[in-house]
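Chain by chain, the residues:
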Amino acid sequence: MVDDLAYLSFPEVRKFILDNEDTNVQDLILHPPNEFKDRIGLIADQIISRKKGKDKLPQWLKMAGVIMPPPLLLEQCSSETTAKHKASVFRGEKLVDLTGGMGVDTLAMSHSFQLTTYVEQDEWLSRVFRHNSEIFSKTDIRTINSSAEKYLSSIEGPASFYLDPARRDQSRKVFRFEDCTPNVVDLIPTLKEKADQVLIKASPMLDIQKGLSQLGAVSQIHIVSINNECKELLFLSKFNEITEPRIHCINFSRERVQTFSFTINDEESAIPTFSQPKKYLYDPNSSILKGGAFKSIAIQFDIDKLGTNTHLYTSNELVKDFPGRTFEVIHQNPSKQELKSLVQANVITKNYPIKAEEIKKKYSIKDGGHFFLFGIRDQKNKSRIL
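Read on for an overview of the structure. (Residues numbered from 1 in each chain as written. Predicted model: local features only at pLDDT ≥ 70, side-chain atom pairs only at ≥ 80, totals over all residues. Heavy atoms only, no water.)

### Some remarks on helix α2 (residues 11-19)
To be explicit about the condition: Each residue is placed in one exposure class: buried if its accessible area under a 1.4 Å probe, protein chains only, is under 20% of its type's maximum, exposed if it is over 50%, and partly exposed if it falls in between. Strands are runs of DSSP state E lasting at least 2 residues, helices are runs of H or I lasting at least 4, and numbering of each runs from the N terminus. Think of it as the arc spanned by the lines of direction from the helix axis to the C-beta atoms. The contact definition used throughout considers only heavy atoms, calling two residues in contact when any of these lie within 4.5 Å.
Turning to α2, its buried residues are Val13, Arg14, Phe16 and Ile17. The arc that holds the buried residues of α2, viewed along the axis, is 160°, so those residues lie on one side. More than 90 degrees from the buried face of α2, the exposed residues found are Pro11, Lys15 and Asp19. Looking at the buried positions of α2, the neighbouring elements they touch are α1 (4-8), α3 (25-30) and α4 (40-56).

### Observations concerning the pattern of salt bridges
As a reminder of what qualifies: Should a side-chain nitrogen of Lys or Arg be within 4 Å of a carboxyl oxygen of Asp or Glu, the pair is scored as a salt bridge.
Evaluation of the coordinates by the stated rule reveals 21 salt bridges. When the shortest N-O distance is used, the salt bridge between Arg50 and Glu21 registers 2.3 Å. In this pair, Arg50 sits in helix α4 while Glu21 sits in the loop between α2 and α3, placing the two residues 29 residues apart along the sequence. Like Glu21, Arg50 is buried. Close ionic contact of Glu357 with Lys360 constitutes a salt bridge, the shortest N to O distance being 2.9 Å. Taken together, the residues Glu357 and Lys360, both in helix α17 (residues 356-363) and three residues apart, mark about one turn of the helix. When its relative accessible area of 12% is taken as the criterion, Lys360 is described as buried. In the salt-bridge network here, residues are joined through shared partners; they are Lys86, Asp105, Asp164, Arg167, Lys201 and Glu232.

### Some words on the layout of surface pockets
Filter applied, for reference: Points on a 1 Å grid over protein atoms alone make up a cavity when a 1.4 Å probe fits among them but cannot get out, and a pocket when they form an open set with protein on both sides within 12 Å along at least five of seven lines; lining residues each have an atom within 4 Å of a point. Grid points are joined across faces, edges and corners, and a volume is the space filled by probe spheres set on the points.
Of the pockets and cavities examined, the second largest pocket occupies roughly 400 Å³. As for the second largest pocket, its lining consists of 18 residues, of which Ile330, His331, Phe371, Phe372 and Leu386 are closest to the centre. Counting residues per element, the lining of the second largest pocket draws most heavily on strand β17 (residues 366-377), which supplies five residues.

### Quick word on the pairing of strand β13 (residues 304-307)
Which entries qualify depends on this criterion: Pairing between strands requires that DSSP locate at least two bridges from one strand to the other.
Here β13 pairs with strand β14 (residues 310-315) via three bridges, running antiparallel. Within β14, the position partnered with Gly307 by the bridge is Thr310. What sits between the antiparallel neighbours β13 and β14 is a turn of two residues.

### Brief notes about unusual backbone geometry
One can expect most non-glycine residues to show negative phi and most peptide bonds to be in trans. The amide bond that connects Thr181 to the next residue, Pro182, takes the cis arrangement and shows omega of 0°. Inspection of the secondary structure assignment puts Pro182 in the loop between β6 (172-173) and α11 (184-194). A positive phi is found at Asn227, a non-glycine position, where the angle reads about 50°. Looking at the secondary structure, you find Asn227 in the loop between β8 (218-226) and β9 (229-237). Of note in the backbone geometry, Asp321 takes a positive phi value of approximately 60° without being a glycine. As for its position among the elements, Asp321 is in the loop between β14 and β15 (324-328). On the accessibility criterion, Asp321 (58% relative accessible area) is exposed.

### Examining the side chain of Asp105
Positionally, Asp105 belongs in helix α8 (residues 104-109). In this view, Asp105 contacts Ser78, Ala83, Lys86 and Tyr162; residues no more than four positions away in its chain are not counted.

### Focus on the packing of aromatic side chains
Under the convention used in this document: Whether two aromatic rings pair depends on their centres lying within 6.5 Å, for rings of Phe, Tyr and Trp, where Trp uses its six-membered ring; planes under 30 degrees apart make the pair stacked, over 60 edge-to-face, and the rest tilted.
Evaluation of the coordinates by the stated rule reveals 12 aromatic pairs. Relative to Phe322, the ring of Phe301 lies with its centre 5.4 Å away and its plane at 65°, an arrangement referred to as edge-to-face. With Phe301 in helix α15 (residues 296-301) and Phe322 in the loop between β14 and β15, the pair connects residues that are 21 residues apart, well separated along the chain. Ring centres of Phe327 and Phe374 lie 5.1 Å apart, and the angle between their planes is 70°; this geometry places the pair in the edge-to-face category. One end of the pair, Phe327, is in strand β15; the other, Phe374, is in strand β17, with 47 residues separating them in the sequence. For Phe374, a relative accessible area of 2% translates into the label buried. Aromatic ring contacts, followed pair by pair, group Phe260, Phe262, Tyr282, Phe301 and Phe322 into a single cluster.

### Some words on the packing of α2 against α4
Put simply, the rule is: Interaxial angles span 0 to 180 degrees and are taken between N-to-C directions of axes, which are lines fitted to C-alpha atoms, for helices over the stretch in contact. Oblique is the label for any angle not under 35 degrees, not over 145, and not in the 65 to 115 range, which are roughly parallel, roughly antiparallel and roughly perpendicular in turn. Should the near helix be turned counterclockwise from the far one by less than a right angle, the crossing is left-handed, whereas a clockwise turn marks it as right-handed. Put simply, Ala, Val, Leu, Ile, Met, Phe, Trp, Tyr, Cys and Pro go in the nonpolar bin, Asp, Glu, Lys and Arg in the charged bin, and everything else, Gly too, in the polar bin.
Running from N to C, α2 and α4 cross one another at 50°; their axes reach a closest spacing of 9 Å. One finds that α2 runs oblique with respect to α4. Our pair here, α2 against α4, has a crossing hand that is right-handed. Here Val13, Arg14, Phe16, Ile17 and Leu18 of α2 lie close against α4, whose contacting residues are Ile40, Ile43, Gln46, Ile47 and Arg50. Residues belonging to the contact of α2 with α4 are distributed by class as follows: seven nonpolar, one polar and two charged.

Now the structure itself:
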């Protein structure tokens, strides 16, 4: 019997998968064509993975013959955008990806290293990666079917190690380092012996301070967002460089790449000025909010903060290239009658007594349109609507 990898490479199977990318997968499983019914589950997984990968991996799907790993892996795998970012900040001579998975990051980062080794404990994924790496013309990548712990203990250093530990435990999503596989905290002593640098990808839900205390000797933290949605945290450690970690906040928006950098000391020592709303209102992107740069953002852009716990900012002069959204304030504290006459608006609350949904319901405001309605608390803890 032909094995699954070879079967998925048959031209007629590839054509059927591509022809049914927009087909209802459940209907396909219930009513499969006779010639494909014996392996319809395998084919269905490919269709689902291609559907899930359209936004994350558009270039992958254009490559003829690419075989997609199981759909579950698409949830955690890096996008092409975030993989390219890793390749721009993680460079060296010898790369060892200890948690290869789909290999999106491996393929991207291999361009920044002279030698690359892909390590994956799942045999099927290892074989799929070897197949795909040939399609991407990266046949020079060494593929190892082994656990991260076993392979790490068997090799000599130095090397640059990358880890993206699996964030599932018996079908339950997890995000703390100690709950992931492998447990990177347990690997730190060995990594210190054998690594010249280590890059670890973590869930955006992970507490940054907790991650810092567990990993130690972190040189940089990258908080990566796409279209204002925080996607991943990256901890870069260079064990021979003990410095205060610099936090880089990156948001890949449709118009441009927004960047902002600071240190924890910058944030702790910053003393912002406060004011009532002025002509312009600034809402930082999700990476900056995740990083906790609530005061240092105001200092670097010379703008005022609305309130201690209201992370919105204001100025009379327009600040260009602010890393977030910029609004022009056209009205403050509208009356109840004026709010009821507002048929449609995007309602946002920041440190406000009631939620956005309650405001929309209270004043019968439909969601959307060109106008934004902000519910905030100012420095005097007074509730205001802009």
